[in-house]
Amino acid sequence: MTSVRTGSHEFNLASRRAEESAARRFQAVQWLQSVVGQLGIPNHPSEKEFISCLRNGMILCYAINKIHPGAVSKVVESYSYLNGEYQLPAAYQYFENVKNFLVALEQLRLPGFEASDLEKDNLESGSVTKVVDCILGLKGYHECKITTSGNGFFKHVKTPTFQLSATKTHPPSATKTSRHLDMSSVRDRNDGTDGESDQLKVIAKLIADHMFNSKEYIDENLFSLDNGCEISRANFEKIISRFPELHSVFKDFLNEGTMKSSDLKSMPLEELPVHEVDQFAQSNRSLHKRLLKTQEKELADLKTLFIETKQDFKDLQVHLQRDLMELGNQMQEMTSAAQGYYKVVEENRKLYNMVQDLKGNIRVYCRVRPIFNGDMKGVIDYIGKDGSLIVVDPSKVLKDGRKTFQFNQVFGPTATQDDVFKETQPLIRSVMDGYNVCIFAYGQTGSGKTYTMSGPPGKSATEMGINYLALSDLFLICDKRKDMMTYEIFVQMVEIYNEQVRDLLAENSSCTKYPFMAAETSIYIT
Ligand SMILES: Nc1ncnc2c1ncn2[C@@H]1O[C@H](COP(=O)(O)OP(=O)(O)OP(=O)(O)O)[C@@H](O)[C@H]1O
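Scoring rules and cut-offs
Residues numbered from 1 in each chain as written. Predicted model: local features only at pLDDT ≥ 70, side-chain atom pairs only at ≥ 80, totals over all residues. Heavy atoms only, no water. Helix = DSSP H or I, 4+ residues; strand = E, 2+ residues; numbered from the N terminus. Buried < 20%, exposed > 50% of the residue type's maximum accessible area, 1.4 Å probe, protein only. Contact = heavy atoms within 4.5 Å. Areas by Shrake-Rupley, 256 points an atom, 1.4 Å probe, with all protein chains shown as cover. Near = heavy atom within 4 Å. Polar contact = N/O pair within 3.5 Å; in protein donor to acceptor, adjacent residues only side chain to side chain. Pairing = 2+ DSSP bridges. Axes fitted to C-alpha atoms, helices over the stretch in contact; angles between N-to-C directions. Salt bridge = Lys/Arg side-chain N within 4 Å of Asp/Glu carboxyl O. Phe/Tyr/Trp six-rings, centres within 6.5 Å; stacked < 30°, edge-to-face > 60°.

A. Structural detail: the overall build of the protein. Assigned secondary structure in the protein consists of 15 helices and eleven strands. Put simply, the protein has 526 residues, and 29% of those count as buried. A fraction of 51% describes how many contacts in the protein between residues 6 or more apart in sequence connect residues 24 or more apart. Total accessible area on the protein is roughly 36600 Å²; 56% of this is exposed by carbon and sulfur atoms.

B. Layout of the site of the ligand. Inspection of the region around the ligand gives Arg367, Arg369, Pro370, Phe372, Gln444, Thr445, Gly446, Ser447, Gly448, Lys449, Thr450 and Tyr451 as its neighbouring residues. Contacts to the ligand include lysine 449, whose side-chain N or O atom sits 2.8 Å from an oxygen atom. Residue threonine 450 places a side-chain N or O atom 2.7 Å away from an oxygen atom belonging to the ligand. Coverage of the ligand by the protein amounts to 65% of the 620 Å² it exposes when considered alone. No other element matches the three residues that helix 14 (residues 449–453) contributes to the shell around the ligand.

C. Focus on the sheet that holds strand 5 (residues 388–392). Strand order across the open sheet formed by three strands is 4-5-6, with antiparallel pairing between neighbours. Each end of this open sheet is capped by a strand with a single partner; those strands are strand 4 (380–383) and strand 6 (402–406). On average, each strand axis in the sheet is tilted by 20 degrees relative to the strand beside it, whichever way the strands run. Sheet analysis places strand 5 next to strand 6, joined by five bridges and oriented antiparallel. By the bridge assignment, valine 392 is partnered in strand 6 with arginine 402.

D. Region of interest: the pattern of salt bridges. Considering all chains together, one arrives at nine salt bridges under this definition. Between aspartate 133 and arginine 24 there is a salt bridge whose closest N-O contact spans 2.9 Å. In this pair, aspartate 133 sits in helix 5 (residues 127–147) while arginine 24 sits in helix 1 (residues 2–36), placing the two residues 109 residues apart along the sequence. Of the two residues, aspartate 133 and arginine 24, neither departs from the other in class, the shared state being buried.

E. Layout of the pairing of strand 9 (residues 500–503). By the bridge criterion, four bridges tie strand 8 (residues 494–497) to strand 9 in an arrangement that is antiparallel. Counted as the bridge partner of isoleucine 496 is valine 501 from strand 9. Counted along the chain from strand 8 to the antiparallel partner strand 9, the turn is two residues long, and its residue asparagine 498 has a positive phi close to 50 degrees.

F. Just the packing of aromatic side chains, in detail. Taken as a whole and judged by the stated rule, the model has three aromatic pairs. A centroid spacing of 5.8 Å and a plane angle of 55 degrees characterise the contact between tyrosine 341 and tyrosine 342, whose relative ring orientation is tilted. A centroid spacing of 6.0 Å and a plane angle of 35 degrees characterise the contact between tyrosine 365 and phenylalanine 411, whose relative ring orientation is tilted. Taken together, the residues span a long stretch of sequence, with tyrosine 365 in strand 3 (residues 365–367) and phenylalanine 411 in strand 7 (residues 409–411) at a distance of 46 residues.

Shown next, in the form of structure tokens:
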């Protein structure tokens, strides 16, 4: 079945080719006649007749000289007169004309042919087509020259030739060369005449038939962009756009306008069978399904994670609220506890001061200074823990020699500064609760008043006197109670000497004597 269809197709092709070449041949004859006059052959000559009239080269030379005077300087046309009759020129003379004609063509940059193409023996090898091409080229050149008054640019147009392979049994190499379609014939002729349009229709139909019947693919040589055939491609697209029947055939080609030639080469339609396309699509679908399933699973996992996180967040929120409430309760408890604490502190203070009152507002302590001279005999006979002190007067031997004294407490020669301070500390603290307290030292010269109240000169921390220790303790209490109470502390130092009271810190020397006057308020301080 296929072979029958292929044979019929071949026949159609051959017939169409013959028709076309005949039409072109007639066109060439017609033009030659218009230039050089009657050729002496029919208007529709056979190839043989056509070639025979051109073989001597004279017509060709006349024609080119008509178009381009002097193109062939010398045309051999004299017949030799021999034995009373004209003899045809010798063959080499024919050859001379043809050769000159071909040289002239070359100078005009027009396509030529081989001199042998005019030989009888070469008619079957397509040589006539070359000659026809040459004459039509000359015709085109002539027309161009007339139209542009000799200034125009002429471009030769060749015959469109089909050399399609008849069957698909040809080896690939043969197919490659035999499927060549030279589209240059339709170049610059898209706005052509009806005759050209008919030709194009013929071409288009041929291509369409061929593609449908033999499932040919477009040869890579045809649309090779690497070879600079962009114009061919553009022209081809224009042709296709004229004929709707070709749209479906060249759909892919038109859509792949941006494809690289390498892509076309790497994936011809023939090399991608239908079942492989199906397989590819199927594997693609299965891949998509797998991806979809994976994504669905991940989505489900994410949802679960989201729900868990949401639940965790809610739990955390509840937990935080509970903690906040607990913290609030604790704060309230602490506030009430603090209020209770302040009440208790206040009560303790009152009780404390009450105890101090009960102990007595005036307390007298005795401190016995150590004996520095080892030879001297001590007078202290007894120191009682109850504050009793027995002193012995060595000058009075009998009962008058012993005298007993009673104090709040007696500190012996070994008592430290800290021992003395601790006994007075509770009284000093009463100052911070608003009580007035006065501590002073009394005794004869050298008995140790300064030592007890201030400490020895260059004193260390352990030897600081009551003044320093008391002030340090007051500042400590002040710091402890800073959240509850604000204290203002002032210091004044006076000296009482020879019944004269002097302000030791007064800046104005005239105001050092009692009664003192405050510099800022002008108030007398008593
Ligand atoms: N408890 C003590 N331990 C050791 N040394 C002491 C003690 N008491 C006093 N002294 C020393 O005795 C000396 C006399 O003491 P201090 O100067 O304190 O006496 P005073 O009563 O202030 O004398 P004045 O009234 O003349 O100023 C000083 O050298 C002092 O260091």
